[in-house]
Number of protein chains: 2
Amino acid sequence: MQIDALNRLINEFTKLPAVGKKTAERYAYFLLSCTEDEVHNFATSMIDAKTKIHYCKICANFTDKEICEVCARQNKEPIICVVKEPKDVESMQKVRDFNGSYHVLHGVINPLEGKGPNDINIRSLLTRISTEQIKEVIVATNPDVEGEATAIYIANLLKPLGVKVTRPAQGVAMGSELEYTDAVTLQKALTARREI
Amino acid sequence: MQIDALNRLINEFTKLPAVGKKTAERYAYFLLSCTEDEVHNFATSMIDAKTKIHYCKICANFTDKEICEVCARQNKEPIICVVKEPKDVESMQKVRDFNGSYHVLHGVINPLEGKGPNDINIRSLLTRISTEQIKEVIVATNPDVEGEATAIYIANLLKPLGVKVTRPAQGVAMGSELEYTDAVTLQKALTARREI
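Counting restarts for each chain, with residues numbered from 1 along the sequence as it is written. Chains and ligands are labelled by the order in which they are written, letters from A for the one and numbers from 1 for the other. Confidence filtering applies because this is a predicted model: local features only for residues at pLDDT of at least 70, side-chain atom pairs given and counted only at 80 or more, and all residues used for totals across whole chains, interfaces and linings. Where side-chain values are given, they derive from all heavy atoms of the structure, hydrogens and water being excluded.

(A) Summary view of the sheet that holds strand β3 (residues 79-83) of chain A. Residue and element names in this part refer to chain A. Two strands are said to pair when DSSP picks up at least two bridges between them. Helix and strand assignments come from DSSP, with helices taken as H or I runs of at least 4 residues and strands as E runs of at least 2, each series counted from the N terminus. In spatial order, the strands read β4-β3-β5-β6; together these 4 strands make up an open sheet with parallel pairing. Because the sheet does not close on itself, it has two edges, and the strands there are β4 (101-104) and β6 (164-166). The mean inter-strand angle of the sheet, taken between neighbouring strand axes irrespective of direction, is 25°. Two elements, β3 and β4, share 4 bridges in a ladder whose sense is parallel. Note that in β4 the partner of Ile80 across the bridge is Ser101. Residue contacts are defined here by distance: any two heavy atoms, one from each residue, within 4.5 Å place the two residues in contact. Lines fitted to C-alpha atoms define the axes here, with helix axes fitted over just the stretch in contact, and angles between the N-to-C directions of these axes take values from 0 to 180 degrees. Lying over the sheet, helix α6 (residues 123-131) contacts β3, β4 and β5 (136-139), oriented at roughly 155° with respect to β4. Running at roughly 165° to β5, helix α7 (residues 145-158) makes contact with β3, β5 and β6 of the sheet.

(B) How the structure looks around the packing of helix α3 (residues 36-52) of chain A against helix α1 (residues 4-14) of chain B. Viewed as axis vectors pointing N to C, α3(A) and α1(B) meet at an angle of 145°, and their least axial separation amounts to 9 Å. The handedness of the crossing between α3(A) and α1(B) is left-handed. Two secondary-structure elements touch here, α3(A) through Glu38(A), Asn41(A), Phe42(A), Ser45(A), Met46(A), Asp48(A), Ala49(A) and Lys52(A) and α1(B) through Ala5(B), Arg8(B), Leu9(B), Glu12(B) and Phe13(B). The class makeup of the residues in the contact of α3(A) with α1(B) is 6 nonpolar, 2 polar and 5 charged. In this scheme the crossing of two helices becomes right-handed for a clockwise turn of the near helix relative to the far one and left-handed for an anticlockwise turn of less than a right angle. The nonpolar class holds Ala, Val, Leu, Ile, Met, Phe, Trp, Tyr, Cys and Pro. Asp, Glu, Lys and Arg form the charged class, and all remaining residues, Gly among them, are polar.

(C) Examining the packing of aromatic side chains more closely. Whether two aromatic rings pair depends on their centres lying within 6.5 Å, for rings of Phe, Tyr and Trp, where Trp uses its six-membered ring; planes under 30 degrees apart make the pair stacked, over 60 edge-to-face, and the rest tilted. All told, the structure shown has 11 aromatic pairs over all chains when counted by the stated rule. Ring centres of Phe13(A) and Phe42(B) lie 5.2 Å apart, and the angle between their planes is 85°; on these two criteria the pair is classed as edge-to-face. With Phe13(A) in helix α1 (residues 4-14) and Phe42(B) in helix α3 (residues 36-52), this residue pair bridges two chains. When sorted by exposure, Phe13(A) lands in the same class as Phe42(B), which is buried. Taken together, the ring pairs connect Phe13(A), Tyr27(A), Phe42(A), Phe13(B), Tyr27(B) and Phe42(B) into an aromatic cluster. Any residue under 20% of the maximum accessible area for its type is buried, any over 50% is exposed, and the rest in between are partly exposed; the area is computed with a 1.4 Å probe on protein chains only.

(D) Spotlight on the pattern of salt bridges. Throughout this description, the term salt bridge denotes a Lys or Arg side-chain nitrogen within 4 Å of a carboxyl oxygen of Asp or Glu. This structure, assessed with the given rule, holds 20 salt bridges over all chains. Measuring nitrogen to oxygen at the nearest pair gives 3.4 Å for the salt bridge that ties Lys15(A) to Glu12(A). A relative accessible area of 10% means that Glu12(A) is categorised as buried. As a salt-bridge pair, Glu25(B) and Lys21(B) come within 3.3 Å of each other at their nearest N and O atoms. Of the two residues, Glu25(B) and Lys21(B) both sit in helix α2 (residues 21-33), 4 residues apart, roughly one turn of that helix.

(E) Structural detail: the sheet that holds strand β3 (residues 79-83) of chain B. All names here are of chain B. Strand order in the open sheet made by the 4 strands is β4-β3-β5-β6, with parallel pairing throughout. The outermost strands of the open sheet, each flanked by one partner alone, are β4 (101-104) and β6 (164-166). Pairs of neighbouring strands in the sheet enclose a mean axial angle of 25°, with direction left out of account. With 4 bridges connecting them, β3 and strand β5 (residues 136-139) associate as parallel partners. Its bridge partner lying in β5, Cys81 is registered against Ile138. Helix α7 (residues 145-158) rests against β3, β5 and β6 of the sheet, and its axis sits at about 165° to β5.

(F) Layout of the nonpolar core. The term nonpolar core refers to a set of buried residues drawn from Ala, Val, Leu, Ile, Met, Phe, Trp, Tyr and Cys, joined through side-chain atoms within 4.5 Å. Phe13(A), Met46(A), Phe13(B) and Met46(B) are the most contacted members of the largest nonpolar core, which has 44 residues in total. Non-local contacts of Phe13(B), meaning those with residues more than four positions away in its chain, are made with Leu16(A), Phe42(A), Met46(A), Val19(B), Ala24(B), Tyr27(B), Ala28(B) and Leu31(B).

(G) Fine view of the interface of chain A and chain B. Contact with chain A, which involves 48 residues of that partner, is made by 50 residues of chain B. Summing both partners gives a buried area of about 4,900 Å² for chain A against chain B, and 69% of it is carried by carbon and sulfur. Between chain A and chain B we count 2 salt bridges in total. Measuring nitrogen to oxygen at the nearest pair gives 3.2 Å for the salt bridge that ties Arg8(A) to Asp48(B). Values labelled buried area give the accessible surface lost by two parts on being combined, using a 1.4 Å probe and summing over both.

Below is the structure:
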């Protein structure tokens with residue numbers, strides 16, 4: 001349709017991750033069917049979130065305070081869980097028995113995209129090791145090529161400081177079926193087999 | 001995460017059609033990774049679209065003028081294509097050889113949802129038949145129970161006015177396979193079979 005305002009809105013929606021033209025149109029038409037108040041609330045909540053939320057000074061996770069909730073907590077274990085993105089912290093927090101803190105890299109080392117170690121939030125991790133007397137760093141980047149490479153880089157960087165660097169175990173996922181598990185995962189699961 | 005502004009934004013995104021919690025989180029985190037300007041543009045385009053776009057006085061399709069492009073066009077054929085929603089007009093416009101106008105119902109008759117003929121935009125269709133000297137009305141509502149019922153209702157309403165009421169043919173879709181075509185569609189395709 002030749003309505004500029006509509007085309008602009010559809011165009012904005014296509015910028016969202018995994019949203020194509022068709023889905024963007026659907027979202028835009030839905031918004032037009034909402035009341036003016038509803039659309040206004042939606043728009044305000046966007047600007048609000050962007051204005052109020054910034055990085056935690058310590059772990060670089062999203063927060064609306066100076067220091068995020070997790071970092072502000074007392075009696076944490078001296079363990080840091082390093083993740084790629086803020087949403088990974090959300091996933092990790094579902095694991096109830098982890099009582100350490102987090103460190104968000106905001107990316108991984110990816111030479112193809114021209115991202116080196118200095119382009120992600122690694123430097124402040126080094127400072128935290130000593131100031132927070134960290135005993136262990138769990139590098140929970142994704143188990144893909146870039147995630148593995150980043151984990152190895154961080155391990156090499158931290159080992160001279162005398163801190164234990166670990167990585168979550170890789171293997172067959174709970175509830176999955178061997179038939180549909182890929183060969184690399186199966187191989188990792190076999191190598192790391194445990195006596196029962 | 002216990003960040004109010006973020007939770008509110010995620011909540012707004014879940015209101016979009018077919019967007020669950022997980023997708024809404026993804027969208028929200030994406031927005032936080034954008035620059036303040038980008039988020040501002042997005043929010044403005046929403047409010048802009050909602051403020052500038054309203055219903056065409058004649059066909060009730062979306063427009064940013066008083067009368068939409070299609071209705072304002074000269075030398076239209078005296079045919080009205082009735083559709084359920086504005087986005088259906090978009091789909092119909094891909095059919096190049098239709099040179100009539102449209103009429104958007106903004107819904108269909110759906111007793112289960114308490115929607116009767118007076119809750120959708122039917123009345124103004126009657127006025128249009130005479131003022132625009134319409135010869136044919138194509139009722140292109142979806143081929144589901146509510147769409148069929150609405151089509152029959154409109155047909156009964158318009159026939160006394162001496163206007164031809166038609167419905168797009170139902171049958172096997174181009175490029176589909178008989179093996180995967182449902183029985184009702186096949187039956188309709190057989191009933192409406194044509195000599196070649």
